[in-house]
Amino acid sequence: MSSSVAGPDCCGGLGNIDFRQADLYVMTRLLGYVDISDPRFVAAVLAITFNPLFWNVVARWEQKTRKLSRAFRSPYLACYSLGCAILLLNFLRSHCFTQAMLSQPKMESLDNPVAYCVGLALLGVGTVFVLSSFFALGFTGTFLGDYFGILKEARVTTFPFNLLDNPMYWGSTANYLGWAIMHASPAGLLLTVVVALIYVVAVLYEEPFTAEIYRQKASQSHKRS
């Protein structure tokens, strides 16, 4: 049974807290550690932004022209080549991310064993999502094979796709977040925000186009039957 008489409400209650000011305080404090004009930080932002732009532009160009498939005389070889290029670009992105973190100061409140273990756990979870997504989709499914005409018979619904959409993207984001926390790096945390935002834009750009590819496939199969 609750009492109808309440004691004094310290600070006026949660309803009087301006959460916008709290968010601004956190962002201001984070930016206080980060030199966004540092060349290594700029290089990391450019690498993070360029990668999805590159693979989406090339994949859509291939889907419309089939020039890569003709150049390699096989859609599979063309897809493998694009996949290898994406992997190399991702290694470069991770290198730039790490160099940007190491070039800037640490945050004292994150530089402790508990935060390190949290970061390590996030890195582990992210790696599980990335690898399990790759094994579920295969190489061509992971690296835009549907734009090369290499289509799957049905939507993948096994782990981790039964837990969330686009698990490879969010697994990659968790990896960067964990890596940043392990290094107690405000620059890494800010770059992780950039990674997440770029992936959100990529999903909004990719999903309707991919859905249209499979809609056309279903329509053609229906006509043949």
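If you're wondering where the values come from, they're calculated on a predicted model, not measured in any experiment.

**So, the layout of surface pockets**
Size it by volume and the largest pocket reaches roughly 1,500 Å³. Considering the residues around the largest pocket, the lining is formed by 43 residues, among which L137, G141, T142, M168 and Y169 are closest to the centre. At the level of elements, α4 (75-102), α5 (113-142), α6 (167-182) and α7 (186-224) are the ones that each hand at least two residues to the lining of the largest pocket. Counting residues per element, the lining of the largest pocket draws most heavily on α5, at eight residues. Looking at the lining of the largest pocket residue by residue, the class counts come to 26 nonpolar, ten polar and seven charged. Space inside the second largest pocket adds up to approximately 150 Å³.

**Some remarks on the UniProt feature "binding site: S-adenosyl-L-methionine" (unreviewed entry) in the protein**
Under the UniProt annotation, the feature "binding site: S-adenosyl-L-methionine" (unreviewed entry) is placed at G124, V125, G126, E206 and E207. Among the annotated residues just listed, those lining the largest pocket are E206 and E207. In this structure V125 comes out as partly exposed when scored by relative accessible area, which is 43%. For E207, the position within the fold is in helix α7.

**A closer look at the confidence of the model for the protein**
Averaged over all residues, the pLDDT of the protein equals 87, while 83% of them reach at least 70. Ranking the elements of the protein by mean pLDDT puts helix α1 (residues 19-33) last, at 61, and α4 first, at 98. Low pLDDT, under 50, characterises residues 1-19; the stretch is placed with two contacts to residues that sit more than four places away or in other chains.

**Comments concerning the pattern of salt bridges**
As enumerated under the stated definition, the model contains four salt bridges in all. For the salt bridge of R155 with D165, the shortest nitrogen-to-oxygen distance reads 3.5 Å. Taken together, the residues R155 in the loop between α5 and α6 and D165 in the loop between α5 and α6 connect sequence positions ten residues apart. The salt bridge partner of R215 is E212, with a shortest N-O separation of 2.7 Å. Of this pair, R215 and E212 both sit in helix α7, three residues apart, which is roughly one turn of that helix. On the basis of relative accessible area, R215 is assigned to the partly exposed category, the value being 47%.

**Some points on helix α2 (residues 39-65)**
Side chains of residues three or four places apart in an α-helix project in the same direction, reflecting 3.6 residues per turn. Here α2 spans 37 Å end to end across 27 residues, near enough to the 39 Å set by a 1.5 Å rise per residue. The largest bend in α2 is about 25°, located at F50, with the proline P52 one to four residues further on. The complete set of buried residues in α2 reads F41, A44, A47, I48, N51, P52, W55, N56, V58, A59, R60 and E62. Positive backbone phi, at 60°, marks R66, one or two positions downstream of α2.

About the thresholds
- Residues numbered from 1 in each chain as written.
- Predicted model: local features only at pLDDT ≥ 70, side-chain atom pairs only at ≥ 80, totals over all residues.
- Heavy atoms only, no water.
- 1 Å grid on protein atoms, 1.4 Å probe; cavity = no way out; pocket = protein on both sides within 12 Å on 5 of 7 lines; lining within 4 Å.
- Points joined across faces, edges and corners; volume = space filled by probe spheres on them.
- Helix = DSSP H or I, 4+ residues; strand = E, 2+ residues; numbered from the N terminus.
- Nonpolar A, V, L, I, M, F, W, Y, C, P; charged D, E, K, R; others polar.
- UniProt positions renumbered as here; feature names shortened; annotations may be inferred.
- Buried < 20%, exposed > 50% of the residue type's maximum accessible area, 1.4 Å probe, protein only.
- pLDDT = per-residue confidence, 0-100.
- Contact = heavy atoms within 4.5 Å.
- Salt bridge = Lys/Arg side-chain N within 4 Å of Asp/Glu carboxyl O.
- Expected span 1.5 Å × (residues − 1).
- Bend = angle between axes of the 7 residues up to and from the residue.

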